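Commentary on secondary and tertiary structure
Listed below, chain by chain, are the residues.
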Amino acid sequence: MTNKKKITVATIYFIIFITIWTCYRIFVDEWLDIYITNQVLCEFIKHGVIKNIIYTLPAIVLIKHYKNDISISLKEMFTTKVRWIKYLPIFIIFTIFILIYAYFACGEIAIADEFGLDKIVIVLFVGLTEELVARGWLLNMVIEDDKKWKGIIISTIFFLLMHFPKWIQYQMLISIFTSYACIVHIVLYFIFGWTFIKSRSIFVPIVIHMYWDLLLFIFVGG
């Protein structure tokens, strides 16, 4: 399959995906918050069940279906051994950045009042579901051996657009693009993509993604 056709396939998938995800955000997400009073159970249903159905399952099916057209096979991305020490600087930089941000945003470095088991549930599933779609499938599909950065840029755009329904739902879209937050998101997406390509393991971007979200929930609240 030519790279142009790969991008077409990825784009068609993304249009279908974003339509379904937007409908869920508009018609189902807030309804769950209202009628499921147990917050931990609510987050498990939203992220552990629904998000896996919309994100993870289709991504795995597509990765297997296009196994001859992707750069890293499903088996390889789940079995490749990782030298985690190589990625230690990323964890250190993330920690320092969040601690500094928490200090200036909250006036102190302390565990956020909102942090609890429900946030841990979110952390456990968000990294898995989003990385399988954005890196395991989309980046994996559009990347070219001699133009890796082109693939990372394309997948970063897709991943940025994936967050639009959430940002619109919580009226954050304008503030994201009028503040440094947009730059932070883009840098993060580049890091997730680059570490996936370098390690050839989906676990690296998943763990890094989870660590970033965990730090945010612990010290900032979200």
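Now for a quick tour of the structure. (Residues numbered from 1 in each chain as written. Predicted model: local features only at pLDDT ≥ 70, side-chain atom pairs only at ≥ 80, totals over all residues. Heavy atoms only, no water.)

**What to know about the overall build of the protein**
The following threshold applies: Helix numbers and strand numbers start at the N terminus; a helix is a DSSP run of H or I with at least 4 residues, a strand a run of E with at least 2. A radius of gyration in this sense is built from C-alpha atoms; the matching globule rule multiplies 2.2 Å by the number of residues raised to 0.38. Residue exposure (1.4 Å probe, protein chains only): buried if accessible area is under 20% of the type maximum, exposed if over 50%, otherwise partly exposed. In this description, contact between two residues means that some pair of their heavy atoms is separated by no more than 4.5 Å. Surface accessibility in these figures is a Shrake-Rupley result with a 1.4 Å probe; residues are shielded only by whichever protein chains are displayed. Charge assignment in this entry is limited to Lys and Arg as positive and Asp and Glu as negative, and neither His nor the chain termini are counted. Taken as the charge centre is NZ of Lys, CZ of Arg, CG of Asp or CD of Glu, depending on the residue.
Helices and strands together make up the secondary structure of the protein, namely 10 helices and zero strands. Secondary structure elements of the protein, listed N to C terminal, follow the sequence α-α-α-α-α-α-α-α-α-α. Relative to a compact globule of 222 residues, whose C-alpha radius of gyration would be 17 Å, the protein shows 18 Å and is just as compact. For the protein, the spread of C-alpha atoms along the principal axes amounts to about 50 × 40 × 35 Å. Within the protein, the proportion of its 222 residues that are buried is 48%. For the protein, long-range pairs separated by at least 24 residues make up 81% of all intrachain contacts whose partners lie at least 6 apart in sequence. Carbon together with sulfur atoms contributes 70% to the accessible area of the protein, which is approximately 11800 Å² in total. Averaging the positions of the 20 positive and the 16 negative side-chain charges in the protein gives two centres separated by 13 Å.

**Some points on the packing of aromatic side chains**
This is how it is decided: Classification of ring pairs uses Phe, Tyr and Trp, with its six-membered ring standing for Trp, and accepts pairs whose centres are within 6.5 Å; under 30 degrees between planes counts as stacked, over 60 as edge-to-face, and the remaining range as tilted. Two conditions define a charge located above a ring, namely a distance within 6 Å from the ring centre to NZ of Lys or CZ of Arg, and an angle within 35 degrees of the ring normal.
Counted by the stated rule, this structure contains 21 aromatic pairs. A centroid spacing of 5.1 Å and a plane angle of 70° characterise the contact between Phe-91 and Tyr-211, whose relative ring orientation is edge-to-face. Of this pair, Phe-91 sits in helix H4 (residues 88-106) while Tyr-211 sits in helix H10 (residues 203-219), placing them 120 residues apart in sequence. With a relative accessible area of 25%, Tyr-211 lands in the partly exposed category. Taken together through their ring pairs, the aromatic side chains of Tyr-13, Phe-14, Phe-17, Trp-21, Tyr-24, Tyr-55, Tyr-66, Trp-137 and Phe-158 make up a single cluster. Taking the ring centre of Tyr-55 as reference, the NZ or CZ of Lys-51 above it sits at 5.0 Å. Lying across the ring of Phe-159, Arg-135 places its NZ or CZ 4.3 Å from the centre.

**Structural notes on the nonpolar core**
Applicable threshold: For the purposes of this section, nonpolar cores are sets of buried Ala, Val, Leu, Ile, Met, Phe, Trp, Tyr and Cys residues that join through side-chain atoms within 4.5 Å.
Ranked by internal contacts, the top residues of the largest apolar core, which has 61 residues, are Tyr-13, Phe-14, Phe-17, Trp-137 and Leu-138. For this core, the elements supplying multiple residues, two or more each, are helix H1 (3-35), helix H2 (39-65), H4, helix H5 (117-142), helix H6 (148-162), helix H9 (181-199) and H10. Per element, the largest residue contribution to this core is nine residues, and it comes from H1. In this view, Leu-138 contacts Ala-10, Tyr-13, Phe-14, Val-133 and Phe-158; residues no more than four positions away in its chain are not counted.

**Notes on the pattern of salt bridges**
How we decide: In the sections that follow, a salt bridge refers to a side-chain nitrogen of Lys or Arg positioned within 4 Å of a carboxyl oxygen of Asp or Glu.
As enumerated under the stated definition, the model contains eight salt bridges in all. For Arg-25, the salt bridge is made with Asp-29, and the minimal N-O distance between the two is 3.4 Å. Placement of both Arg-25 and Asp-29 in helix H1 is noted, with a separation of four residues, approximately one turn of the helix. Overall, Arg-25 belongs to the buried group, its relative accessible area being 9%. In this structure, Asp-118 engages Lys-119 in a salt bridge whose closest nitrogen and oxygen atoms are separated by 3.2 Å. Residue class for Lys-119 comes out buried when judged on its relative accessible area of 14%. Put simply, Arg-25, Asp-29, Asp-33, Glu-43 and Lys-46 are held in one network by salt bridges that share partners.

**Concerning the environment of Thr-95**
On the secondary structure map, Thr-95 appears in helix H4. The exposure class assigned to Thr-95 is partly exposed, which follows from its relative accessible area of 22%. Sequence separation of Thr-95 and Tyr-211 is 116 residues, and the distance between their C-alpha atoms is 8.9 Å.

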